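# What the coordinates show
If you want the building blocks of each chain, they are given just below.
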Amino acid sequence: MAPSRIAVVTGASSGIGAATARSLAAAGYRVVLTARREDRIEALAKELTEAGHEATAYPLDVTDRAAVDEFATAFTSIAVLVNNAGGALGADPVATGDPADWRTMYETNVIGTLNVTQALLPKLEASGDGTVVIVSSTAGHGTYEGGGGYVAAKHGAHVLAETLRLEIVGKPVRVIEIAPGMVKTDEFALTRFGGDAEKAAKVYQGVAAPLTADDVADTIAWTVTRPSHVNVDLLVLRPRAQASNTKVHREL
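Residues numbered from 1 in each chain as written. Predicted model: local features only at pLDDT ≥ 70, side-chain atom pairs only at ≥ 80, totals over all residues. Heavy atoms only, no water.

### Re the overall build of the protein
Spelled out, the test is: Helix and strand definitions follow DSSP, with helices as H or I runs of at least four residues and strands as E runs of at least two, each counted in order from the N terminus. Note that the radius of gyration is over C-alpha atoms, with the globule rule given as 2.2 Å times the number of residues to the power 0.38. The classification of residues rests on relative accessible area computed with a 1.4 Å probe and restricted to protein chains. Under 20% of the type maximum is buried, over 50% is exposed, and intermediate values are partly exposed. We call two residues in contact when some of their heavy atoms are within 4.5 Å. Working definition of accessibility: Shrake-Rupley area with a 1.4 Å probe, residue cover restricted to the visible protein chains.
In terms of helices and strands, the protein carries eight helices and seven strands. A globule of 252 residues ought to have a C-alpha radius of gyration of about 18 Å, and the protein, at 17 Å, matches this closely. In terms of its C-alpha atoms, the protein occupies a principal-axis envelope of roughly 50 × 40 × 35 Å. Counting only residues that meet the buried cut, the protein has 48% of its 252 residues in that class. At a minimum sequence separation of 6, the contacts of the protein that also span at least 24 residues come to 72%. Accessible surface computed for the protein: about 11800 Å², of which carbon and sulfur atoms make up 51%.

### Focus on the nonpolar core
As a reminder, the rule being used: Buried Ala, Val, Leu, Ile, Met, Phe, Trp, Tyr and Cys residues that are joined via side-chain atoms within 4.5 Å together make up what is termed a nonpolar core.
By size, the foremost hydrophobic cluster in this structure holds 37 residues, and its most contacted members are Leu 24, Val 31 and Ile 220. Other than its neighbours up to four places away in sequence, Ile 220 contacts Ile 16, Thr 20, Val 82, Val 133, Val 135 and Ile 178.

### Comments concerning the packing of aromatic side chains
Let me state the cut-off plainly: Centre distance within 6.5 Å is the pairing criterion for rings of Phe, Tyr and Trp, where only the six-membered ring of Trp is used; planes under 30 degrees apart are then read as stacked, over 60 as edge-to-face, and the remainder as tilted. Either the NZ atom of lysine or the CZ atom of arginine qualifies as a charge over a ring when it sits within 6 Å of the ring centre and within 35 degrees of the ring normal.
The final tally for this structure, using the stated rule, is three aromatic pairs. Plain terms: the ring middles of Phe 71 and Phe 75 are 5.1 Å apart, the flat faces sit at 75° to each other, and that makes the pair edge-to-face. Residue Phe 75 is classed as buried on the basis of its relative accessible area, which comes to 9%. Among the aromatic residues, those joined into a cluster by ring pairs are Tyr 58, Phe 71 and Phe 75. Seen from the ring of Tyr 29, Arg 5 lies directly overhead, with NZ or CZ sitting 4.1 Å from the centre.

Structure (structure tokens):
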């Protein structure tokens with residue numbers, strides 16, 4: 001497969017990242033799976049390869065700039081970069097939030113995205129038809145109580161996408177932002193609440209059909225596979241039961 005058909009997906013070990021890798025592989029891309037958990041991405045690469053697709057696993061911490069720069073040397077050009085690595089920690093108010101959690105969220109959601117985008121942007125330009133996808137969140141477009149750290153980080157991701165689009169206009173690279181609302185995955189809420197399954201379950205309690213990782217992945221693949229001249233600047237998706245970050249219909 002031509003180098004220009006390579007799609008790099010960060011945070012591909014689970015959830016939206018893994019689902020996106022599957023969707024892009026099905027669309028004909030050679031997917032490069034990156035994440036810190038080597039066993040997870042190796043298993044996914046094997047799954048995709050056995051299904052007849054092209055997939056490679058590359059263990060990577062997006063907050064490690066030296067490692068990201070080394071990773072980028074493996075390519076002459078790529079077609080797609082999906083910046084999905086991120087996540088939330090805690091739900092404390094601003095007054096008592098843990099600065100370490102805030103720092104970790106900013107490092108992963110913003111600096112990690114910056115690291116990979118800077119390292120691979122020349123490779124995307126070299127393809128002559130590149131696409132950068134930044135997976136932000138509806139948290140990047142509205143605030144809610146108990147979400148200050150995550151909201152701040154995702155606002156940062158949103159502004160990164162918006163600014164990059166302005167700065168590279170005229171170059172052969174699209175910048176797409178996908179902002180999902182309530183998505184039920186195996187790990188997002190569980191990680192946010194430090195492994196407390198009861199607290200994690202309450203996030204989705206009574207919601208008949210929150211979004212799934214596959215829903216978001218399908219949306220990402222759709223935007224990426226539009227004709228080259230079509231740029232989906234921002235796509236916000238929520239389940240029907242969610243009208244805003246704070247307005248959710250629950251059948252209790």
